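Listed below are the residues making up each chain.
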Amino acid sequence: MPAPAVDSTAPWIPPLYRARCCGARTRSGAPCRGAAVRGKRRCRMHGGAAGSGAQPGNRNAETHGYWGAAVRAERMRVAALLAAGGRVLAALAARADEAGGGPASPARHDRHGFS
């Protein structure tokens, strides 16, 4: 028989046990078990403290490098170009199969790699 559910708003449960857990990943990989700061999702050690985080207009918080907008756009352009090339090659292979001229047979080599 399952245990009855406990009402988390019951007055006899201490406030710390009713608080939401932080859940940030610790260095060991386990979730942080600290209580989240009121009105925040993280504990005081993982970014819930007053004054933590970037200030409005902070240039240090800009995304740059691999995740910058210009680099991401370039990666998308290269991926589209590669996909288009793959489609062209597939169309050429289909056309060659229709014409009956499949790929040439590979050259036979002796055991030293010379034909």
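Parameters and conventions
- Residues numbered from 1 in each chain as written.
- Predicted model: local features only at pLDDT ≥ 70, side-chain atom pairs only at ≥ 80, totals over all residues.
- Heavy atoms only, no water.
- Helix = DSSP H or I, 4+ residues; strand = E, 2+ residues; numbered from the N terminus.
- Buried < 20%, exposed > 50% of the residue type's maximum accessible area, 1.4 Å probe, protein only.
- Contact = heavy atoms within 4.5 Å.
- Areas by Shrake-Rupley, 256 points an atom, 1.4 Å probe, with all protein chains shown as cover.
- Salt bridge = Lys/Arg side-chain N within 4 Å of Asp/Glu carboxyl O.
- Patch = residues over 30% accessible without salt bridge, like charges linked within 9 Å, V, L, I, M, F, W, Y side chains within 5 Å.
- Phe/Tyr/Trp six-rings, centres within 6.5 Å; stacked < 30°, edge-to-face > 60°.
- Lys NZ or Arg CZ within 6 Å of the ring centre and 35° of its normal.
- Expected span 1.5 Å × (residues − 1).

## Quick look at the overall build of the chain
Then comes step 1: A count of helical and extended segments in the chain gives two helices and zero strands.
Then comes step 2: With 115 residues in all, the chain has 8% of them scored as buried.
Then comes step 3: Long-range contacts, defined here as pairs at least 24 residues apart, represent 2% of the contacts in the chain between residues at least 6 apart.
Then comes step 4: In the form shown here, the chain has an accessible surface area of approximately 10500 Å², with 59% of it arising from carbon and sulfur atoms.

## Points about the pattern of salt bridges
Then comes step 1: By the definition in use, this model includes one salt bridge.
Then comes step 2: Of the charged contacts, one joins Arg 77 and Glu 74 as a salt bridge, the two residues approaching to 2.9 Å between their closest N and O atoms. Placement of both Arg 77 and Glu 74 in helix α2 (residues 69-99) is noted, with a separation of three residues, approximately one turn of the helix.
Then comes step 3: Overall, Arg 77 belongs to the partly exposed group, its relative accessible area being 48%.
Then comes step 4: A relative accessible area of 39% places Glu 74 in the partly exposed class.

## Topic: a nonpolar patch on the surface
Then comes step 1: On the surface, a nonpolar cluster with roughly 300 Å² of combined accessible area is contributed by Val 88, Leu 89 and Leu 92.
Then comes step 2: Summarising the element assignment, Leu 92 is placed in helix α2.
Then comes step 3: Accessibility expressed as a relative area gives 48% for Leu 92, which makes it partly exposed.

## Some words on the packing of aromatic side chains
Then comes step 1: This structure, assessed with the given rule, holds one aromatic pair.
Then comes step 2: Geometry around Tyr 66 places Arg 75 over its ring, the cationic atom sitting 3.9 Å from the centre.
Then comes step 3: Positioned above the aromatic ring of Trp 67, the side-chain terminus of Arg 75 is 5.5 Å from the ring centre.

## Quick look at α2
Then comes step 1: Here α2 spans 45 Å end to end across 31 residues, near enough to the 45 Å set by a 1.5 Å rise per residue.
Then comes step 2: Once α2 finishes, Gly 100 follows within two positions and takes phi at roughly 85°, a positive value.

## Remarks on the environment of Gly 23
Then comes step 1: By secondary structure assignment, the location of Gly 23 is in the loop between α1 (15-18) and α2.
Then comes step 2: Taking the C-alpha atoms as reference, Gly 23 lies 7.8 Å from Gly 34; in sequence the two are eleven residues apart.
Then comes step 3: For Gly 23, the residues in contact, after removing those within four places along its chain, are Pro 31, Cys 32 and Arg 42.

By themselves, these figures tell us nothing about what the structure is for.
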